[in-house]
Amino acid sequence: MTQAKVLSFSPDEPSSKNALSLAKRSKWEHVGAFDGDEGEVVWGEIKGSDGTIYHTRVGVDNFEFKCSCPSRKRPCKHALALGLLRADDASVFRDAPPAWVTNDEMPRPSFADKTEPNASSGPSNEPLVPLQIPATWQPLLKSETGKAYWPKLVEFVEEERKSHTVYPPSGQEFAALEAVAPDQVKVLILGQDPYHGPKQAHGMAFSVRPGITPPPSLHNIFLEMSEELGVPVPKTGYLMPWAKQGVLLLNAVLTVRRSEPNSHKSKGWEKFTDAVIKSVSDKEDHVVFVLWGAYAQKKEKLIDTSKHTVVKSAHPSPLSAHVGFFGSEPFSQINEALQKMGRGAIDWKL
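These numbers come from a predicted model, not from an experiment.

Turning to empty space enclosed by the protein, a few remarks are in order. Tallied over the entire structure, the rule returns one cavity of 30 Å³ or more. Empty space within the largest cavity amounts to approximately 30 Å³. Surrounding the largest cavity, Glu173, Phe174, Ala176, Leu177, Gly203, Leu250 and Leu254 form its lining. Grouping the amino acids of the lining of the largest cavity by side-chain chemistry returns five nonpolar, one polar and one charged.

Spelled out as C-alpha cells, the structure:
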C-alpha cells in the first residue's frame, strides 16, 4: 500500500488534501488492525468537528473503504486518511478493538440532507427478473434452490431492489454462468462481490461493461498482463472474450447495493457460489483456479488440488498489488498448466 495508490481512489482534489491532513496518529482517537475474512483490515475512530465519533475501516487487501460519517463522497476523507496512515506506518495500529469491530457491527452512515447529483441509492425502477439458474448449470446446481437459504436469498435480493439501487441489473446476476457452460470451464477466476459504482457491474467478476474505464484492480491486472506477456494494455475492461474461451469469472457474492461494498455478503450467495466452485472441482477435466487475495484463498478448501491447479497471489487491488501481485505471472502459470493437461492456452489479449 502506497500513498499514491490510496489517493488514486480520491473523488476530488479537496478530499485528497483533507485526507492528507488527517493521516496522522494524533488525529485519531483509536486505531487498530485485524485479519478478517477479506484479509487485513484497519479500523479507526475519529472525532468530527461537532464532536461526533466516526467509525472508519479500510480493507487493505480488498480496497474496501467504509465510514459512518455523513459525507456522500465515497471514499470519504476519513477512510482515505486511515488508508494513508496505514501506508505510512503500520505499527501504530495496535489499539484493542471495540465492540463495533469485534462484533462486525459497522455503524451505517447517516447521510447529510444535501445530496450530490446522481448520489441516490434509491430503487432504479428496473423490471425485476426472477433469479433463475442458467439451464446448462441446473443439473449441477438445481438442488441449491431446495435448500433453506435459497428462498431467503431470493426474498432479500427482491426487497433490496425495491428499496435500493442494486448491481448488477436484475437478470444479470448469473451472467458469468450463462457465458460459460460447465463442460467449457477451463479457468475459474474468483472475485469477491460486484463493482458498486454506476454502469460497471454486469455479472462477471472483474469485468466491466463496454465503454467503461477499467477500475483500479482490473487496470492492475492489465498492467501485469502487459508486462508478463508483452501485449498492449487493453483499452476495454469487457472480459467476454476470456469467457468465450472458458474462463469463468465468478464473484463469491453476486449482488451489491450501490456504493456499499460487501453489503450483500452473508445473505446466502456464498453458499451458492461455494456450490459452483465444488461442482467445477468435481469435473474430471483439469481446471485452473485463480485465487487472488486472502478472501479468495479461503476457498481453496473447496477444490480438489490433487487433480486441479491453483494459482495464488496477492490481490490486484492498488492497496496490495505491489506486495505480491505484480510479478506473479498468473497468465503464464495458467496457460502452462492448461497446456500440460492438453486443454489449450487462453489468448489473453483483448
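So much for the structure itself; the text now carries on.
All right, on to the nonpolar core then. One finds Trp242, Leu248 and Phe272 to be the most contacted residues of the largest nonpolar core, which totals 68 residues. Sequence-distant contacts of tryptophan 242, that is, excluding residues within four places in its chain, are made with Ile221, Phe222, Met225, Val247, Leu249, Phe331, Asp347, Trp348 and Leu350. Ranked by size, the runner-up nonpolar core spans 25 residues in total, among them Val6, Ala23, Cys76 and Phe93.

Bringing the side chain of serine 217 into the picture now. Structurally, serine 217 can be placed in helix H8 (residues 216-229). Apart from the residues lying within four places of it in its own chain, the contact partners of serine 217 are Phe63, His315, Pro316, Ser317 and Pro318.

What follows deals with the pattern of salt bridges. For the structure shown, the criterion picks out ten salt bridges. Across the salt bridge formed by glutamate 260 and arginine 257, the nearest N and O atoms sit 3.6 Å from each other. Measuring nitrogen to oxygen at the nearest pair gives 2.8 Å for the salt bridge that ties aspartate 274 to lysine 299. Note that aspartate 274 is positioned in helix H10 (residues 269-281) and lysine 299 in the loop between helix H11 (293-297) and strand E10 (309-313), a separation of 25 residues in sequence. Judged by relative accessible area, lysine 299 falls into the buried class, the value being 11%. One network of salt bridges, in which partners are shared, links Glu160, Arg257 and Glu260.

By the criterion of burial, strand E6 (residues 187-191) is predominantly enclosed, with five of the five residues buried. Relative to strand E7 (residues 247-251), E6 is paired through five bridges, and the arrangement is parallel. In the strand pairing of E7, isoleucine 189 is matched with leucine 249. Where E6 meets strand E9 (residues 288-292), four bridges bridge the pair, whose relative direction is parallel. Within E9, the residue paired with leucine 188 across the bridge is phenylalanine 289.

Spatial ordering of the open sheet is given by E7-E6-E9-E10, a layout of four strands whose pairing is parallel. Looking at the sheet topology across the chains shown, the edges are occupied by E7 and E10. Neighbour-to-neighbour, the strand axes of the sheet open up by a mean angle of 20°, direction not taken into account. Running at roughly 160° to E9, helix H12 (residues 330-340) makes contact with E6, E9 and E10 of the sheet.

What counts as what
- Residues numbered from 1 in each chain as written.
- Predicted model: local features only at pLDDT ≥ 70, side-chain atom pairs only at ≥ 80, totals over all residues.
- Heavy atoms only, no water.
- 1 Å grid on protein atoms, 1.4 Å probe; cavity = no way out; pocket = protein on both sides within 12 Å on 5 of 7 lines; lining within 4 Å.
- Points joined across faces, edges and corners; volume = space filled by probe spheres on them.
- Nonpolar A, V, L, I, M, F, W, Y, C, P; charged D, E, K, R; others polar.
- Core = buried A, V, L, I, M, F, W, Y, C linked by side-chain atoms within 4.5 Å.
- Buried < 20%, exposed > 50% of the residue type's maximum accessible area, 1.4 Å probe, protein only.
- Contact = heavy atoms within 4.5 Å.
- Helix = DSSP H or I, 4+ residues; strand = E, 2+ residues; numbered from the N terminus.
- Salt bridge = Lys/Arg side-chain N within 4 Å of Asp/Glu carboxyl O.
- Pairing = 2+ DSSP bridges.
- Axes fitted to C-alpha atoms, helices over the stretch in contact; angles between N-to-C directions.

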